Number of protein chains: 2
Amino acid sequence: MITIKSPANIAFIKYWGQSDTQAVLPCNDSISMNLSACYTTIQLEVHKDSTHKQLFIKNYKAADFVEDTGAAFEKVVRMYERTRQFLGASKEFGFTVRSENSFPKKAGIASSASFFSGLAAAFSTAFGESLDQKRLSILSRLSGSGSACRSVPDGFAHWRKGTDSDSSYAEQLAPPDYWDIADIVCIVNAEEKKTGSEDGHKNAQTSGLFPSRLRELNDRIPDLLAAFKDKDFSWFGSIIEEETVSLHAVMMTQKVPLYYWSGGTLNILRSIAAMRQQGTEAYCTIDAGENVHVITRKNDVKAVVKHVQTNKLAKDTIVNYAAEGVRILS
Amino acid sequence: MITIKSPANIAFIKYWGQSDTQAVLPCNDSISMNLSACYTTIQLEVHKDSTHKQLFIKNYKAADFVEDTGAAFEKVVRMYERTRQFLGASKEFGFTVRSENSFPKKAGIASSASFFSGLAAAFSTAFGESLDQKRLSILSRLSGSGSACRSVPDGFAHWRKGTDSDSSYAEQLAPPDYWDIADIVCIVNAEEKKTGSEDGHKNAQTSGLFPSRLRELNDRIPDLLAAFKDKDFSWFGSIIEEETVSLHAVMMTQKVPLYYWSGGTLNILRSIAAMRQQGTEAYCTIDAGENVHVITRKNDVKAVVKHVQTNKLAKDTIVNYAAEGVRILS
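Enquirer: Break down the interface of chain A and chain B for me, citing the residues and quoting the values.
Expert: Where the parts come together, the accessible area they lose is often given as the size of the interface. If you look at the interface, chain A gives 28 residues, while chain B gives 28 residues. With both chains or domains summed, chain A and chain B bury close to 2,300 Å², and 66% of this area falls on carbon and sulfur atoms. For the pair chain A and chain B, the interface holds zero salt bridges. On the surface where chain A and chain B come into contact, there are nine residue pairs in polar contact (both at pLDDT 80 or more). Secondary structure elements with two or more residues in the side of chain A that touches chain B: helix H5 (210-230), helix H6 (233-252) and helix H7 (263-277) of chain A.

Here is the structure:
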């Protein structure tokens with residue numbers, strides 16, 4: 001039995017749009033932090049019978065594992081094949097995968113990132129390979145869920161877009177203890193979203209705003225790195241909120257438009273901006289879903305959580321700090 | 001007694017941000033349509049006693065006129081002074097202004113545009129001047145509510161940003177009967193918004209996305225004019241929706257951020273996009289408020305209104321076609 005723990009990650013600079021769909025090469029660099037309280041635990045049982053393939057998922061707050069024979073299962077099988085190909089392995093095996101999330105999946109909390117980075121580690125271990133961080137990040141990227149590659153290094157990660165499959169992977173920007181900023185995930189809706197981010201990526205370039213976004217990133221990425229280096233939280237925060245709005249403007253103007261936000265999303269954006277006006281520094285970032293990640297410093301976490309609860313802005317909150325990357329537990 | 005009727009207008013390319021606050025010069029051209037069912041009627045009674053100045057407002061669906069002695073009254077007095085200065089008049093007079101809207105004010109339906117263009121016409125008439133369209137448009141622009149200048153010409157208007165006060169005014173792009181497109185105003189909330197657009201303009205340039213927006217407009221404005229010329233509604237519609245999202249992305253990233261949208265706004269955006277997928281062509285545009293203007297062709301008006309009503313997307317709808325500009329009724 002192989003047990004892997006892998007974190008979701010929150011991107012401060014987002015990944016949206018692919019320059020090469022086949023090789024899963026992104027149109028731009030992205031920068032993220034691994035989440036301490038949002039992770040996937042994967043148990044991989046290997047069978048001699050290579051036709052025996054099963055996936056069991058235990059959802060957030062669910063009592064039991066439930067077998068999945070649908071789209072998620074298909075993806076696991078594809079990931080097994082991809083890993084085999086990547087490693088050039090001749091061996092075959094069957095498997096039972098048990099996956100458990102500490103957070104709601106498919107709700108814009110990068111559940112596919114923690115899942116696929118974990119699977120990459122599990123399958124490569126089962127094939128008898130101990131991949132270095134770079135190769136594990138590349139394999140995770142190839143899963144189809146590109147942002148999985150950022151869950152590999154510990155702490156804060158920088159995924160350089162690269163020019164081909166070998167040069168597109170995430171490296172550590174700083175270890176978890178570098179900066180005590182928190183990501184308070186505010187769960188507006190724990191239901192699964194209707195449009196996954198994979199479809200969205202393919203249409204990124206149908207937005208007339210996409211070229212603007214790429215141009216903006218030429219300044220925004222160096223700015224964010226400088227703010228991170230200086231630990232200038234006001235600068236850092238204002239960049240990530242601008243990045244989020246810019247990303248969602250692209251999504252909303254794609255053909256077909258993706259409106260991930262809800263009234264609950266807007267309430268949080270508005271209320272956090274008002275809170276900032278009153279002196280508590282917190283900034284919002286939103287992935288491909290309606291839930292909001294509120295980024296703040298450790299000293300302000302209690303005040304922000306209280307504010308969110310008092311104003312009934314979220315059904316649930318999950319407080320995260322920077323965490324380690326993929327780990328083989330046993 | 002002078003009676004003026006002046007329409008609100010909906011901008012397809014929006015006015016946001018000023019290159020010269022004193023002279024009310026915009027950062028970019030804007031393009032609009034006057035609204036047939038959203039207008040202000042102004043009655044101006046002139047008094048010999050120049051200290052006698054009063055404003056009465058009859059709100060949307062209100063039974064009676066109510067005297068306003070606050071901010072709106074101050075603005076009317078300022079507009080009187082500005083008109084006097086603009087005309088170089090030595091005469092002075094007192095006035096009673098009665099203003100009545102056919103639609104909710106301060107809800108992102110350009111109530112200030114119809115009000116101030118109407119006031120410009122009323123006061124200049126009272127000073128004994130018959131301004132040509134260009135001068136009336138300039139005076140309306142100087143009101144402080146710049147977009148008032150677009151309510152002057154009949155039908156569709158193009159406000160060229162100009163280089164100084166004399167070259168920044170709206171001209172007719174096409175008469176009302178040029179194109180039978182409709183603006184279905186979907187009233188999500190008839191309450192007054194908290195932040196007027198005047199304050200917002202001043203902070204436009206604090207958004208990191210503002211330079212992108214101006215660059216985008218270099219292509220978007222000629223594209224919109226070409227789509228308008230060709231009456232290519234699909235092209236036209238997709239441009240106006242992109243323009244709206246781009247504008248609101250700027251607003252949302254200003255320091256202080258302006259989040260005009262609500263859950264109701266998003267529901268309409270999402271639902272109209274879905275309707276389009278099913279073959280009914282309609283597109284959304286949103287001013288500085290949460291209400292949504294759904295632009296469609298005359299043949300689809302019934303279907304869109306029914307869709308909005310059936311899905312309870314709005315409390316009220318107002319169907320507009322292109323209308324004439326400011327009129328001196330008596």
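Enquirer: Pulling in residues and values, what's your account of the sheet that holds strand E12 (residues 292-297) of chain A?
Expert: Residue and element names in this part refer to chain A. Strand order in the open sheet made by the four strands is E11-E12-E10-E13, with antiparallel pairing throughout. If you trace the sheet from one side to the other, it starts and ends with strand E11 (282-285) and strand E13 (316-321), each paired once. Pairwise comparison of adjacent strand axes, ignoring direction, gives a mean angle of 25° for this sheet. The sheet contact formed by strand E10 (residues 181-187) and E12 spans six bridges and is antiparallel. In the sheet register, isoleucine 181 faces E12, and the bridge partner there is arginine 297. Sitting on the sheet, H6 touches E10, E11 and E12, and the angle it makes with E11 is about 25°. Here helix H8 (residues 301-310) sits on the sheet in contact with E10, E11, E12 and E13, set at roughly 165° to E13.

Enquirer: So what's going on with the pairing of strand E1 (residues 2-13) of chain A? Which residues, and what values?
Expert: All names here are of chain A. By the criterion of burial, E1 is predominantly enclosed, with eleven of the twelve residues buried. For E1 and strand E4 (residues 30-47), the ladder comprises ten bridges, and the chain directions are antiparallel. What sits directly across from isoleucine 2, in E4, is leucine 44.

Enquirer: So, the sheet that holds strand E13 (residues 316-321) of chain B: which residues are in play, and what are the values?
Expert: Residues and elements named next belong to chain B. Here we have four strands laid out as an open sheet, ordered E11-E12-E10-E13, and antiparallel in their pairing. Each end of this open sheet is capped by a strand with a single partner; those strands are strand E11 (282-285) and E13. The sheet shows a mean angle of 25° between the axes of neighbouring strands, taken without regard to direction. Along the sheet face, helix H6 (residues 233-252) touches strand E10 (181-187), E11 and strand E12 (292-297) and points at about 25° away from the line of E11. Contacts between helix H7 (residues 263-277) and the sheet are confined to E10, E11 and E12, with E11 contributing the most and set at about 155° to the helix.

Enquirer: Which residues make up the packing of aromatic side chains, and what are the values?
Expert: Taken as a whole and assessed by the stated rule, the structure comprises 35 aromatic pairs over all chains. Stacked on the ring of A:Tyr39, the Lys or Arg A:Lys5 has its end atom at 4.3 Å from the ring centre. One Lys or Arg, B:Lys298, reaches over the ring of B:Tyr321 and ends 5.8 Å from the middle of that ring.

Enquirer: Can you break down the packing of H7(A) against H8(A) residue by residue, with the values?
Expert: All names here are of chain A. As a packed pair, H7 and H8 sit with axes 11 Å apart at the nearest point and diverge in direction by 135°. In this view, H7 runs oblique relative to H8, as classed from their interaxial angle. The two elements H7 and H8 cross, and the hand of that crossing is right-handed. Note on element contacts: H8 touches H7 through Ala303, Val304 and His307, opposite Ser271, Ile272 and Met275.

Conventions used here
- Within every chain, residues take consecutive numbers counted from 1 along the sequence as written.
- Each chain is given a letter, starting from A, and each ligand a number, starting from 1, according to the order in which they appear as written.
- Confidence filtering applies because this is a predicted model: local features only for residues at pLDDT of at least 70, side-chain atom pairs given and counted only at 80 or more, and all residues used for totals across whole chains, interfaces and linings.
- Hydrogens and water are ignored here; the side-chain numbers use all heavy atoms of the structure.
- Throughout, a contact is declared for two residues whenever any of their heavy atoms are within 4.5 Å.
- Throughout, buried area stands for the accessible area (probe radius 1.4 Å) lost by two parts on being put together, summed over both.
- Criterion for a salt bridge: a side-chain nitrogen of Lys or Arg within 4 Å of a carboxyl oxygen of Asp or Glu.
- What qualifies as a polar contact is a pair of N or O atoms within 3.5 Å, subject to a donor-acceptor requirement within protein and to the restriction that residues adjacent in sequence count only when both atoms come from side chains.
- In this text, helices come from DSSP runs of H or I with a minimum length of four residues, and strands from runs of E with a minimum of two, each type numbered from the N-terminal end.
- Any two strands with at least two DSSP-identified bridges between them are counted as paired.
- Under this scheme, a helix contributes an axis fitted over its contacting stretch, all axes are lines through C-alpha atoms, and angles between N-to-C directions fall in the 0 to 180 degree range.
- Each residue's exposure class comes from its accessible area (1.4 Å probe, protein chains only) as a fraction of the maximum for that residue type: buried when under 20%, exposed when over 50%, partly exposed otherwise.
- Note on aromatic contacts: the rings of Phe and Tyr and the six-membered ring of Trp form a pair at centre separations within 6.5 Å, being stacked when their planes are under 30 degrees apart, edge-to-face when over 60 apart, and tilted otherwise.
- The rule is short: NZ of Lys or CZ of Arg within 6 Å of the ring centre and within 35 degrees of the ring normal puts a charge over the ring.
- Throughout, the term roughly parallel applies to angles under 35 degrees, roughly antiparallel to angles over 145, roughly perpendicular to angles from 65 to 115, and oblique to all others.
- Note: crossing handedness is left-handed where the near helix turns anticlockwise from the far helix by less than a right angle, and right-handed where it turns clockwise.

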